[in-house]
Amino acid sequence: MNSVEIRRFADTDWPGLWEVWHEVVVAGESYDNDPASSESDARAHWTGLLGFEVWVAVEDGDVLGTYKVGPNKGKLGAHVANASFMVSSRARGRGLGRTLGEHCLDRARQLGFTAMQFNAVVSTNTVAVRLWRSLGFIIVGTIPDGFQSTKHGLVDFHIMHRYL
């Protein structure tokens, strides 16, 4: 991933980010967003949350992945970060998820968070579960049948956590 630049999202990145967002959400295997979401709804969901930073991974002007990081909860829970990640199928298997994950963990530390929690990692998304475990996350809870996978039907959501 040497030629990939990870940088803060700029408005000019939106067309590429939308392509990644749409591909991932329409697949119906890792995000609970409506696959028929409009582009404006997608943009509001990914880039419009107060307190969150959005980052993109770009190679030769092409957005290949993204993450957003911010507080998991309100004031009294704001010391714990939350993050979401998406990687284009064009970049899968190249280590971009790990690169984004490591970058995000570093950024969360810089922002003063003391831990990170993922509220809904789909259990059948074994690549993500394996990645997060390898980066020090543990499963602290499971929501039985919390996600309706397009391929597997009802599957579990994991809540994952690690200290920073």
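This text goes with the structure placed above it.
Below is a short write-up of the structure. Keep in mind it's a predicted model, so treat the numbers as computed, not measured. (Residues numbered from 1 in each chain as written. Predicted model: local features only at pLDDT ≥ 70, side-chain atom pairs only at ≥ 80, totals over all residues. Heavy atoms only, no water.)

**Looking at helix 4 (residues 126-134)**
Structural remark: α-helix, 3.6 residues per turn; residues separated by three or four positions point the same way.
Point 1. All of the buried residues in helix 4 are Ala 128, Val 129, Leu 131 and Trp 132. Buried residues of helix 4 fall within an arc of 165° about the axis and therefore sit on the same side. With respect to the buried face of helix 4, the exposed residues turned more than 90 degrees away are Val 127 and Arg 130.
Point 2. Where helix 4 is buried, its residues touch strand 4 (80-87), helix 3 (96-110), strand 5 (115-122) and strand 7 (153-163).
Point 3. Within two residues after helix 4, Gly 136 carries a phi angle of roughly 95°, on the positive side. (Buried < 20%, exposed > 50% of the residue type's maximum accessible area, 1.4 Å probe, protein only. Helix = DSSP H or I, 4+ residues; strand = E, 2+ residues; numbered from the N terminus. Arc of directions from axis to C-beta. Contact = heavy atoms within 4.5 Å.)

**Observations concerning unusual backbone geometry**
Point 1. We note that Asp 60 has phi near 50°; this positive angle belongs to a residue other than glycine.
Point 2. With respect to the secondary-structure elements, Asp 60 resides in the loop between strand 2 (53-59) and strand 3 (62-71).
Point 3. Taking the relative accessible area as the measure of exposure, Asp 60 reaches 77% and is therefore exposed.
Point 4. Phi is positive for Asp 145, close to 55°, though the residue is something other than glycine.
Point 5. Here Asp 145 shows up in strand 6 (residues 138-149).
Point 6. According to the relative accessible area criterion, Asp 145 is partly exposed, its value standing at 46%.

**Re the packing of aromatic side chains**
To describe a pair of aromatic rings, one takes the distance between the centres and the angle between the planes.
Point 1. Applying the stated criterion across every chain, the model contains 11 aromatic pairs.
Point 2. Their ring planes at 20° and their centres at 4.5 Å tell us that Phe 118 and Phe 137 sit as a pair that is stacked. Residue Phe 118 is located in strand 5, and its partner Phe 137 is located in the loop between helix 4 and strand 6; the two are separated by 19 residues in the primary sequence.
Point 3. In this structure Phe 137 comes out as buried when scored by relative accessible area, which is 3%.
Point 4. These aromatic residues form a ring-pair network of at least three members: Trp 55, Tyr 67, Phe 85, Phe 118, Trp 132 and Phe 137. (Phe/Tyr/Trp six-rings, centres within 6.5 Å; stacked < 30°, edge-to-face > 60°.)

**Some thoughts on the nonpolar core**
One recurring pattern in soluble globular proteins is that nonpolar side chains are buried together.
Point 1. Membership of the largest hydrophobic core comes to 28 residues, with the highest contact counts inside it found for Met 116, Phe 118 and Trp 132.
Point 2. Where this core is concerned, the elements lending two or more residues are strand 2, strand 3, strand 4, helix 3, strand 5 and helix 4.
Point 3. Counting residues per element, this core draws most heavily on helix 3, which supplies five residues.
Point 4. Setting aside anything within four residues of it in sequence, one finds Met 116 in contact with Val 69, Val 80, Ala 81, Ala 83, Cys 104, Leu 105, Ala 108, Phe 137, Met 160, His 161, Arg 162 and Leu 164.
Point 5. In this structure, Leu 17, Val 20, Val 24 and Val 56 belong to the second largest nonpolar core, which totals 16 residues. (Core = buried A, V, L, I, M, F, W, Y, C linked by side-chain atoms within 4.5 Å.)

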